Structures are given as structure tokens and as C-alpha cells.
Amino acid sequence: MKFSYNWIREMVEDLAMAPGPLEKLITMKSAECEGIEAAGALLERACAARVLSVEPIPDTHNVKAVVDAGRYGERTVVCGAPNCRAGVITAYAPVGKKIVHGIESDGMLASAAELGINRDHSGIIELDSQVGAPVAGCLADSVIEIDNKSITHRPDLWGHHGMAREVAAILGLKLKEPAKLRLLPEEPPAIQVQIEDLNLCPRYSALVFENVTVQPSPIWLECRLTAIGLNPINNIVDMTNYVMAELAQPMHAFDADLLNGDTIFIRPAVPGEHFRALNGEEYTLDRSNLAIADAAGAIALAGVIGGLDTAISAKTTRVVLESANFQAASIRKTSSAIKLRTDASMRFEKAQDPANTIRGLARAIELLQELSPGIRVVGGVADQKREIPAPPPIELPLPWLERKLGRAIGPGEVRRILESLEFGVTEPRPAVFSVSVPSLRATKDISVKDDLVEEVGRMVGYDSITPQAPLLPASVPPGNPERKFQHEVRGIFVDQGFTEVYNYSFLSEESVRAFGLDPADHVRVTNPIASDQALMRTSLLPGIWRNILENAKHREAFRLFEIGMEIHRSEVGQAVPPVSEVGQAVPPASPACGRPGSDLPAEIPHLVATLYDRQSDDAAGLFELKRAAECLMPGAQAVPAEATPYEHPARSAVIVWKGQSVGRLFELHPRMVETGRAAILDLELRLIQSLVRADTKYTPIRRYPSAAFDLSVVAAQREYAGNLESAVASFAGPLLESIQFLRQYSGPQVGEGKKSVSFRLTVGSPERTLASEEVSEIRARIIEGMRGLGYELRV
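Keep in mind it's a predicted model, so treat the numbers as computed, not measured. (Residues numbered from 1 in each chain as written. Predicted model: local features only at pLDDT ≥ 70, side-chain atom pairs only at ≥ 80, totals over all residues. Heavy atoms only, no water.)

## Quick look at the overall build of the protein chain
Link 1 in the chain: Helices and strands together make up the secondary structure of the protein chain, namely 19 helices and 35 strands.
Link 2 in the chain: Counting only C-alpha atoms and orienting by the principal axes, one finds that the protein chain spans roughly 115 × 85 × 60 Å.
Link 3 in the chain: Split into buried and exposed, the 795 residues of the protein chain put 50% on the buried side.
Link 4 in the chain: In the protein chain, the proportion of contacts linking residues at least 24 apart, taken out of those at least 6 apart, comes to 70%.
Link 5 in the chain: Seen as two clouds, the 83 positive and the 101 negative side-chain charges of the protein chain have centres 4 Å apart. (Helix = DSSP H or I, 4+ residues; strand = E, 2+ residues; numbered from the N terminus. Buried < 20%, exposed > 50% of the residue type's maximum accessible area, 1.4 Å probe, protein only. Contact = heavy atoms within 4.5 Å. Lys, Arg positive; Asp, Glu negative; His and termini not counted. Charge placed at Lys NZ, Arg CZ, Asp CG, Glu CD.)

## Here's the deal with the sheet that holds strand S28 (residues 637-640)
Link 1 in the chain: A sheet is described by the order of its strands in space; here 7 strands give the open sequence S23-S26-S27-S31-S30-S29-S28, paired in mixed fashion. Of all the strands in the sheet, just strand S23 (499-500) and S28 have a single pairing partner and so form its edges.
Link 2 in the chain: Contacts from helix H13 (residues 481-495) reach S23, strand S26 (557-568), strand S27 (602-613) and strand S31 (677-684) within the one sheet, and its direction differs from that of S26 by about 160°.
Link 3 in the chain: Sitting on the sheet, helix H15 (residues 541-551) is in contact with S26, S27, strand S30 (660-668) and S31, with an inclination near 155° to S26. (Pairing = 2+ DSSP bridges. Axes fitted to C-alpha atoms, helices over the stretch in contact; angles between N-to-C directions.)

## Here's the deal with the packing of aromatic side chains
Link 1 in the chain: Within the structure shown, the criterion is met by 13 aromatic pairs.
Link 2 in the chain: Aromatic side chains Tyr-72 and Tyr-92 sit 5.7 Å apart centroid to centroid with 55° between the ring planes, which places their arrangement in the tilted category. Placement of Tyr-72 in the loop between strand S4 (63-68) and strand S5 (74-79) and of Tyr-92 in strand S6 (residues 89-100) is noted, with a sequence separation of 20 residues between them.
Link 3 in the chain: Among the residues examined, Tyr-72 registers a relative accessible area of 21% and is labelled partly exposed.
Link 4 in the chain: Assessed through its relative accessible area of 1%, Tyr-92 is described here as buried.
Link 5 in the chain: Aromatic ring contacts, followed pair by pair, group Phe-515, Trp-545, Tyr-646 and Phe-666 into a single cluster. (Phe/Tyr/Trp six-rings, centres within 6.5 Å; stacked < 30°, edge-to-face > 60°.)

## Section: the side chain of Asn-118
Link 1 in the chain: Mapped onto the elements of the fold, Asn-118 is located in the loop between helix H3 (112-115) and strand S8 (141-146).
Link 2 in the chain: From its side chain, Asn-118 meets the backbone nitrogen of Asp-120 in a polar contact 2.9 Å long.
Link 3 in the chain: Reaching out from Asn-118, the side chain makes a polar contact with the side chain of Glu-222 at a distance of 2.8 Å.
Link 4 in the chain: Aside from chain neighbours lying at most four places away, what touches Asn-118 is Ala-112, Ala-113, Glu-222, Thr-226 and Pro-232. (Polar contact = N/O pair within 3.5 Å; in protein donor to acceptor, adjacent residues only side chain to side chain.)

## Some points on the environment of Val-378
Link 1 in the chain: Residue position: Val-378 is located in strand S19 (residues 376-385).
Link 2 in the chain: The exposure class of Val-378 is partly exposed, given its relative accessible area of 24%.
Link 3 in the chain: As a C-alpha pair, Val-378 and Pro-271 span 107 residues in sequence and 35 Å in three-dimensional space.
Link 4 in the chain: When residues no more than four places from it in sequence are discounted, the contact partners of Val-378 are Ala-190, Val-208, Phe-209 and Glu-210.

## Let's talk about the pattern of salt bridges
Link 1 in the chain: Inspection of every chain in the model, using the stated rule, returns 47 salt bridges.
Link 2 in the chain: In this structure, Asp-445 and Arg-154 form a salt bridge, with 3.6 Å as the shortest nitrogen-oxygen distance. Of this pair, Asp-445 sits in the loop between strand S22 (432-436) and helix H12 (449-460) while Arg-154 sits in the loop between S8 and helix H4 (160-171), and the two are 291 residues apart along the sequence. For the pair formed by Asp-445 and Arg-154, the shared burial category is buried.
Link 3 in the chain: Each member of the salt-bridge network shares a partner with another, and the members are Arg-154, Asp-156, Arg-165, Glu-166, Glu-422, Arg-441, Asp-445, Glu-455 and Arg-458. (Salt bridge = Lys/Arg side-chain N within 4 Å of Asp/Glu carboxyl O.)

## A few points about the nonpolar core
Link 1 in the chain: Counting 53 residues, the largest nonpolar core has Ile-8, Ile-26, Ile-146, Phe-209, Ile-236, Met-239 and Leu-321 as the members making the most contacts within it.
Link 2 in the chain: Those residues in contact with Ile-236, other than ones at most four positions away along the chain, are Val-212, Val-214, Ala-253, Ile-312, Val-319 and Leu-368.
Link 3 in the chain: Ile-191, Phe-275, Tyr-283 and Ile-292 belong to the second-largest nonpolar core, a separate cluster that totals 37 residues. (Core = buried A, V, L, I, M, F, W, Y, C linked by side-chain atoms within 4.5 Å.)

## A few points about the confidence of the model for the protein chain
Link 1 in the chain: In the predicted model, the protein chain carries a mean pLDDT of 92, and 96% of its residues have values of at least 70.
Link 2 in the chain: Counted against residues more than four places away or in other chains, residues 572-592, with its pLDDT under 50, gives 54 contacts. (pLDDT = per-residue confidence, 0-100.)

## Points about the sheet that holds S19
Link 1 in the chain: The 4 strands are arranged S11-S18-S10-S19 in an open sheet whose pairing can be described as antiparallel. Each edge of the open sheet is held by one strand with a lone partner, namely strand S11 (251-255) and S19. Neighbour to neighbour, the strand axes of the sheet diverge by 20° on average, direction disregarded.
Link 2 in the chain: Relative to strand S18 (residues 319-325), strand S10 (residues 203-210) runs antiparallel, the two being bridged by 7 bridges. Residue pairing in the sheet places Phe-209 in a bridge with Val-319 of S18.
Link 3 in the chain: Relative to S11, helix H6 (residues 235-247) is tilted by about 160°, and along the sheet it contacts S11 and S18.

## Quick word on H15
Link 1 in the chain: Taken together, the buried positions of H15 are occupied by Leu-541, Pro-542, Gly-543, Ile-544, Trp-545, Asn-547 and Ile-548.
Link 2 in the chain: In the core, the buried residues of H15 are packed alongside strand S24 (506-507), helix H14 (509-514), S26, S27, S30 and S31.

## Quick notes on helix H2 (residues 19-29)
Link 1 in the chain: Along H2, the residues classified as buried are Pro-19, Leu-22, Glu-23, Ile-26 and Lys-29. Relative to the axis of H2, the buried residues are bounded by an arc of 150° and lie together on one face. Turned more than 90 degrees from where H2 packs its buried face, Lys-24 and Met-28 sit exposed.
Link 2 in the chain: The secondary structure elements touched by the buried residues of H2 are helix H1 (5-11), strand S2 (33-39), S8, H4 and H12. (Arc of directions from axis to C-beta.)

## Focus on the pairing of S26
Link 1 in the chain: Pairing analysis gives 2 bridges linking S23 to S26, with the strands arranged parallel. Considered in S26, the bridge of Thr-499 is made with Leu-560.
Link 2 in the chain: Here 12 bridges tie S26 to S27, and the two strands are oriented antiparallel to one another. If you follow Glu-566 over to S27, its bridge partner there is Ile-604.

## What about the side chain of Lys-29?
Link 1 in the chain: Structurally, the position occupied by Lys-29 is in helix H2.
Link 2 in the chain: Of the buried charged residues, Lys-29 lacks a salt bridge, with Asp-463 as the closest side chain of opposite charge at 5.6 Å.
Link 3 in the chain: Only 2.9 Å separates the side chain of Lys-29 from the backbone oxygen of Met-459, close enough to count as a polar contact.
Link 4 in the chain: When neighbours within four sequence positions are excluded, Lys-29 is seen to be in contact with Glu-166, Ile-170, Arg-458, Met-459, Val-460 and Gly-461.

## Remarks on the packing of helix H10 (residues 398-405) against H12
The relative placement of two packed helices comes down to the angle between their axes together with the axis-to-axis distance.
Link 1 in the chain: Contact geometry for H10 and H12: axes closest at 10 Å, N-to-C directions at 65°. You can see that H10 and H12 cross each other, and the crossing is right-handed. Across from Trp-400, Leu-401, Lys-404 and Leu-405 in H10, the residues of H12 making contact are Lys-449, Asp-450, Val-453, Val-456 and Gly-457.
Link 2 in the chain: Partitioning the contact of H10 with H12 into residue classes produces 5 nonpolar, 1 polar and 3 charged. (Left-handed = near helix turned anticlockwise from the far one by under 90°. Nonpolar A, V, L, I, M, F, W, Y, C, P; charged D, E, K, R; others polar.)

## Looking at unusual backbone geometry
Link 1 in the chain: Its identity as a non-glycine residue notwithstanding, Asp-14 has a phi of 60°, on the positive side.
Link 2 in the chain: The topology assignment puts Asp-14 in the loop between H1 and H2.
Link 3 in the chain: Residue Asp-14 is classed as exposed on the basis of its relative accessible area of 68%.
Link 4 in the chain: Even without being glycine, Ala-431 reaches a positive phi, approximately 65°.
Link 5 in the chain: Along the chain, Ala-431 falls in the loop between strand S21 (424-429) and S22.
Link 6 in the chain: Taking relative accessible area as the criterion, Ala-431 reaches 34% and is therefore assigned partly exposed.

Printed below as a string of C-alpha cells:
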């Protein structure tokens, strides 16, 4: 949300504080500011200038222009605008000298876009001003950017007047009221309003204007809207956006001559009703959508967007101006259903003040008198509303306030703060205030005395309160074994050089099908935040695959991992036991699983890790991931398995630990990755957690030295090294301490279609030092046994 410093300054008398310090005060006392950006910086030095002469520059589209720049004197400027001609008055900005096409250009002639007035960069701006005068009504501005999330509970802060009220209260200054209610006519209305459900539309106000002239807005209005990110369109539409940005009251203008009948209906849409919106899209509505309609059908989607059939155009001469209030939840649902969020819907979603509708109309009358000279109001205000009783006063005991706040504060200061924020304050009993809540803060904002404590506390400054630990007993919360285990797993993979990623739990049908999964088996989101996030994930693989593709564009190699939930359908009335990728049932160990008698989905924690290398042409990534898996599960084995469609046909395995299949290790199929190789490890964490022993058995350090020797087994090129390792270990006998894979060699020395796999064996006894003869006997037994199996050994 963007706020113009100049705009705020117009509504706060004697505001002299610079934008930087003011931004910090707003952050500490009202809403979180994200920074300040300059708007229209050139306007500070620009002035009106007359082009005296224009001379084409050979072989270019530019011209050499001599201009009278008033206080800057006569200047020569190289300009490429098509409308640069002798006699035109435009804006000159002294931005320094530079050589262009061999000509010294002193300054520039600016377009409206370069000045920050609007987005028109088709040519230099044309002015109707005295030479040397500043650009009328346009000033360099500082735009304060505020985090929307910090004002979701404050509908009054979605307009400049609301923020100006905060600034005035913070600095103890006087706030100006921009809306003059005395301008509202008291005659019978020229149009009728009929609301079908006052809960969905608590108030709808409308006013008719005639003798309207639709034309471009004056540059002061375009400049102000552009500074806060709104696009100028014409004087009528810009006026509605101006009122919305100033008073937080969205408005809409209908071409009165395009309406059917003399009544505006506010009703739920007819199922199947079609509506053409201003954005050119056609929507099919249902009863959940609130429509603004005339006798022929929908002319606007309430609180979201207006209709194309009644839009303002250059031919418009009569206007019906809408200023309404809608139920926040209804607007949010409609906006989400049609996947369209507008400046209006964002404000209505926050539960706007129904009393604000006529303030918006009063402000519109004043603005239109300037923007469309000769305009006339026809009749009075059509205003239908639900009478909303004022909220009951809140009793605020001052001793309780001080105790809750944690510091002493005088009654006069409390009264001043609350009244500056437009609360009503009386004192029915000593040291007890009765506080009435203004309507602008009564919509889901201020309702209990604790809310008033926050109002006082933020204004006096939380930094003025001495920090003090709460005098409450502290106790250790119950343990969460699953979270603790996942934290340990996270630490292991971070220590191995992996970077953790977080992906959405939502997937697109395209990414689901890429892994051979059926979209129908997924839980579907009713109102997805985006069209490509409609399915709840049953696997973490599509997410990590997307991470691989994106990171591979920028890096030669990387390691990533994610810990998250797979979300599987459950049949109504029966929880589905989580099933691993490798077909092993997982005992429920967490309330995250679907509960018996419930149709809640089953959530299964998984870890997916990937190792990508653009230059790799071997299986090094698979071995590294297997090593990482062994850090978590000592003794885990990779057992070759049939590949799924997204796995490399010759590089896929099941991870087996303690007799259970706990995951898969594979390389992505080459069609899934354009360049390089991506190895992936997918582990089911709940199953692994159930296999981890809670107790650790002590093994004393060996008192006697061990002996080690190497053996190289020559086998077929496609022989699994794991099978060779198992065979070698089986012949070593009970004195074998460990066996370690060393290397693999293929080349002329072992013959075509063969490979040499080398292992290091360590043998020893806990009771004595082995004699060299015993070590030799073990070695010979292994060689003899392997040769008996048909293998050749390199010794």
C-alpha cells in the first residue's frame, strides 16, 4: 500500500516532519513501513519552457531544439520526441550537459512519464503555463510504502485520510476533514435503489450527475494517482480512484444512459447469469456472487469490478455514481472464486465503515465541480441501508490500564490519545473512562478494553515501557518426538552440504502427470490461490523437480533437500494408513494422520534430497546420496529395483534398513532434466523414526590392533557392487570388522565388458592380536570362495 507524503501533509495542519523520520514513527506506532521511494524527482527542478526553434539532425530522428527555459535562460537541447516543434510549451529539466550526435545538449525536454505525471512517454508533455513557472499542481513527492499485512485489521488505514489521522494523533496536530457533507443535496433521489439482502449489502448510496464532460484529468490529479501506483484513465474514473485512495471508499461510475430502468438492484446473481467486466473477461455467476443489476441484468460485480456494458466513455453525458458498503466475506469469496483481486475488493475485504458511503459522495461532488466544469447534480442521494446500532461504550478502569500497560500514565494523556483517534471519552466514575468507539473502528477492530490498551500503548510508545518478565510459572512443554526427529534429520543433511528448500503443498495437474500420478487421486483445493496450484501434493518429487530445473539455469552443481508432508486422500469414515513409496505400511505415530471415523487426509512426513551436477556423466551423485542416507541410517542398503517412468531405467534402488523398505534412491530420467544428472533420495521419515532405537548399546574400544588388506574382484560390467561386497563378506568369517568399497576400474587390463571392484577389509579379534598367518588364511579363504563362484581376483 502506497501513501503520498504530500497528500498526508495536505490533511495534517502544520506537518513539518520530513518523510524519513515520519516513516519511522508510523512503523513504531501504527503500521510497518517497508521504505520510501521518490516520485516525480524531476519536478523539483523542472519548469515550463517554450521551444523557439527546431532543426533536424541529419541521419537521425532527433532534432536540435533551442528553448526559452525562463529562469534557466536559453538552452540548446537534443530531443527525439515526435511532437517537439517551434512554439510548443513543454517541461525543461536541467539534468546536465552531454554530447549527442556531436551537439552539446544542455538538459532535457521531458515526457509526462519521465516527470512522473502519468505513463505517457510517446512525446514531450505539452503545457499551458507561463515560461519559467513550475509544472502547475505537480510536486516532487516521497511515497511511503506500507506492508499490507500490517493493516489488514484496520480498514480505515486503506486511505490517506486514515493514515493522516494516525500522523496527527502521533504528533499532536490537527486533522483536516476533506469531505464536506453540506454539499449533499436533500432533494428526492433521481434513481431508486433496492437491496435484496441487507446483510450482504449493509448500505448502498447513489447520486446522479448530468452535463458531464469526459476528458483527460488535469495533470495534478494524474500526478497524484501515478505516485501511488494507480493508472490515470479519464476525469470521471480518476475521481473515483482519488476518493478511494483518500477516504478508503471504493466508488464506481455508470453511464446513466446505458442503464435499463430507473432502479439499481443489489441482489445475489442468478445461477448461470453472464457478466461482461471492464477487463474484457466474461464471467458466469452463481448465487454466491453479489451482483449490481438494472432491469436487464448484471451491470457490476459488487465490490470487485464494474461492467463493460455501462462503462464510462467519451460519449457519456450522464453518470450514476455508486458509493456502497458490502459484506467483507462475500467480496472475498467472489474475488477468490473468479481469481480477480482489485483495489476495490482489497478494501471491501477489510470490512469498511458503512457511514463512509455518503462521505465519498460528498467528496466526489466537490472534485467533479473542478474536473468537469458545468456538471450538475440531479436530485438527491439515493441511500438504502441497514440501521446498525452503535457499539456499547467500553468501560476502561485507569488503574487496570496502567497495570496492563506496565507503566504509569496520566488520565489527561489517556483522554488526549483516545480523542485524537476519534474515540469519545467520558468519566462516569473517578478513574474510570467510558469510551465510545467511532464507526470507522467498530468493524472487527475495537470491541473490548484490551483493544484500548493497545491504542494507548502504541501511541505512548512501547519503547517507553520497561521490559519485565511475566510473573507466571514456567514449565517445559510436552515433548514432540516427531518434530525433534525431523530437526535431527535436518541437521544431518545440512552438515552434508545440502540446502533446505520450502515448496508449496499445492501442485499443478501438469507436474502431477509428469510423474505418472493421477490428478483424480489428489485432494483438490476448492479455491486455489492460482490455477497451477489446485492439487494437494501426494509426493514431494514434483516440487524438488521444479527446484532442480530452476537452479540448473544458474548453477553448475548444487545439493537441495526438503522435509514436508505428503497428503493422501482418506475414505469417509475410515482413515487410510500411510503407505510408503516402496509399499510398506507405516504405523500411525502422529495426529497428522487421518483419524478413524474422519474423512481428513492422511499426512505423511517425507524427506526428498537431490544432488545435481551439470558435468557429471557417472553415478557419483547416487553414491553420495547413499552415503548421506547412511549418516541417518547406519548400515542402510540400496537394493536395485525396477525403475518407475520418471526414473533412470538402470539407476534406481530401494533403500532398505533393518529389514524395512524406507525409501527410494534413483536418478531422474534424462527426459526430466535437460542437461547434467540429478540424483534423488526419497525417504519416509515416520517409518524411519519408528525403526530408530531409543537406547544406545555401549561397545568398548578394541584393546587389540586390527589388520586391513585390499582385494579387487573382476566381474561383469553390469554386476552390482553391493552383491560383490556381500559375497566377499560372507567368506571373511566372524573376525571381519568392516568392509569398505574403494574404487571401480574399467579398462584394457580387465578386458572388454569387465570391471574391477576394489574393497578394503578390516579384520580383528576383541581378545587378541591376530597373527599374520591368520590374516593370510582369511584372505586366502575369501579368494578361494570368490573363485568358486566364478569370479576372478586381481591379487
